[in-house]
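If you want the building blocks of each chain, they are given just below.
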Amino acid sequence: MSISALGIGSGLDLGGLVDQLVAAERQPQEQRLNRREADLQAQISAFGSIRGGLSALETVLGKLAALQQGRTATSSDSARLAVTARSEATTGSYSIQVNRLATAQSLASGPFSDTDSPLGTGTLTVQVGTGPAAAIEINAENNSLRGVRDTINAADAGVRATIVNDGVGDRLVLSAAQTGAGEAISITVAGDPLEVGELGSLATERLTETVPGQDAEIVVNGLTVTSASNTLDDTLEGLTLQLKATTEP
């Protein structure tokens, strides 16, 4: 009896045959998995595109939701009267004459020879219009003209203080922070008469009005309108008027 084994002495590549059989068995499954992977990648890409499209749509819808009906307004002389329209403005045409601009009151002291010399000590009570009064203490550390200026500005009392040299001397100039006839500056000086000294010259009655505080005045279609400010928001519905200069009659 004879026994023979395949490959033994036959010259056949059994390892190669086995690899080919395994590869042939595995190929259909790999192809199915590759197709499945490609399908999933395509779906993911499609979802990404949809998400991007929805995000862009959301942005556009947000802008549309915030969009208001636009209004425009023009002035025949924007150098003297500027106008802007808000969404509630109605169609119309108006004749406007600017007779007077609103101004802020300014007061000036008498001339001083030196901005750093002591003036005296005491309490300055500053009030603008019907606003709250501010008590400003002037002592040995801030009783020069320069010190009084800085202390008033730091008090935020509705008054701006500056020093102006007009060729005669240094003057303390006080200007109301707001325009209008009702924003008049009032300053009183209190303290020991022996200590107040030249500080007393800063009381209102001893100051000179250099610019009067006044209200703006315009005429709209024959009706006279006054305003403490040069910006009028409520005179014409939906319009903001910015007064820049007076107009010719």
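The structure we're discussing is the one just above.
About the thresholds
Sequence order as written defines the numbering, with residues in each chain counted from 1. The predicted origin of the model limits local features to residues at a pLDDT of at least 70 and limits the giving and counting of side-chain atom pairs to 80 or more, whereas totals for whole chains, interfaces and linings rest on all residues. Working from all heavy atoms in the structure, the side-chain values ignore hydrogens and water. Pairing between strands requires that DSSP locate at least two bridges from one strand to the other. In this description a helix means any DSSP run of H or I spanning at least four residues, a strand means any run of E spanning at least two, and both kinds are numbered starting from the N terminus. The axes are straight lines fitted to the C-alpha atoms, using for helices just the contacting stretch, and the angles between their N-to-C directions are given from 0 to 180°. Exposure classes here rest on a 1.4 Å probe applied to the protein chains alone. A residue is buried below 20% of its type maximum, exposed above 50%, and partly exposed in between. By definition, the arc is the one covered by directions from the helix axis to the C-beta atoms. Any two residues having at least one pair of non-hydrogen atoms within 4.5 Å are treated as being in contact. Here, nonpolar core means buried Ala, Val, Leu, Ile, Met, Phe, Trp, Tyr and Cys residues that are tied together by side-chain atoms lying within 4.5 Å of each other. Salt bridges are defined by distance alone: a side-chain nitrogen of Lys or Arg within 4 Å of a carboxyl oxygen of Asp or Glu.

**Quick look at the sheet that holds strand 11 (residues 223-227)**
Sheet architecture is open: 3 strands sit in the order 2-10-11, paired in antiparallel fashion. Each end of this open sheet is capped by a strand with a single partner; those strands are strand 2 (96-100) and strand 11. Going from strand to strand, the sheet's axes swing by 25° on average, the running direction of each strand aside. The pairing of strand 10 (residues 216-220) with strand 11 spans 5 bridges and is classified as antiparallel. What sits directly across from isoleucine 218, in strand 11, is valine 225.

**Describing unusual backbone geometry**
Unusually for a residue other than glycine, aspartate 156 sits at a positive phi of about 50°. You can see aspartate 156 is positioned in the loop between helix 2 (145-155) and strand 6 (159-165). For aspartate 156, a relative accessible area of 69% gives the class exposed.

**So, helix 2**
Looking only at helix 2, the buried set comprises Leu145, Gly147, Val148, Thr151 and Ile152. An end-on view of helix 2 places all buried positions within 160° of arc, on one side of the element. As for helix 2, its buried residues are in contact with strand 4 (122-128), strand 5 (134-138), strand 6 and strand 7 (170-176).

**Notes on the nonpolar core**
Leu124, Val148, Ile152, Leu172 and Leu174 are the most contacted members of the largest nonpolar core, which has 24 residues in total. Elements with a contribution of two residues or more to this core: strand 4, strand 5, helix 2, strand 6, strand 7 and strand 8 (185-190). Within the second largest apolar cluster, 13 residues are counted, among which are Ala102, Ile218, Leu232 and Leu236.

**Side note on the pattern of salt bridges**
For the structure on display, the rule yields 6 salt bridges. Residue arginine 100 is joined to glutamate 217 by a salt bridge in which the shortest nitrogen-to-oxygen separation is 3.9 Å. On the criterion of sequence distance, the pair formed by arginine 100 in strand 2 and glutamate 217 in strand 10 is long-range, its members being 117 residues apart. For arginine 100, a relative accessible area of 28% gives the class partly exposed. Aspartate 150 serves as the salt-bridge partner of arginine 149, at 2.9 Å between the closest nitrogen and oxygen.

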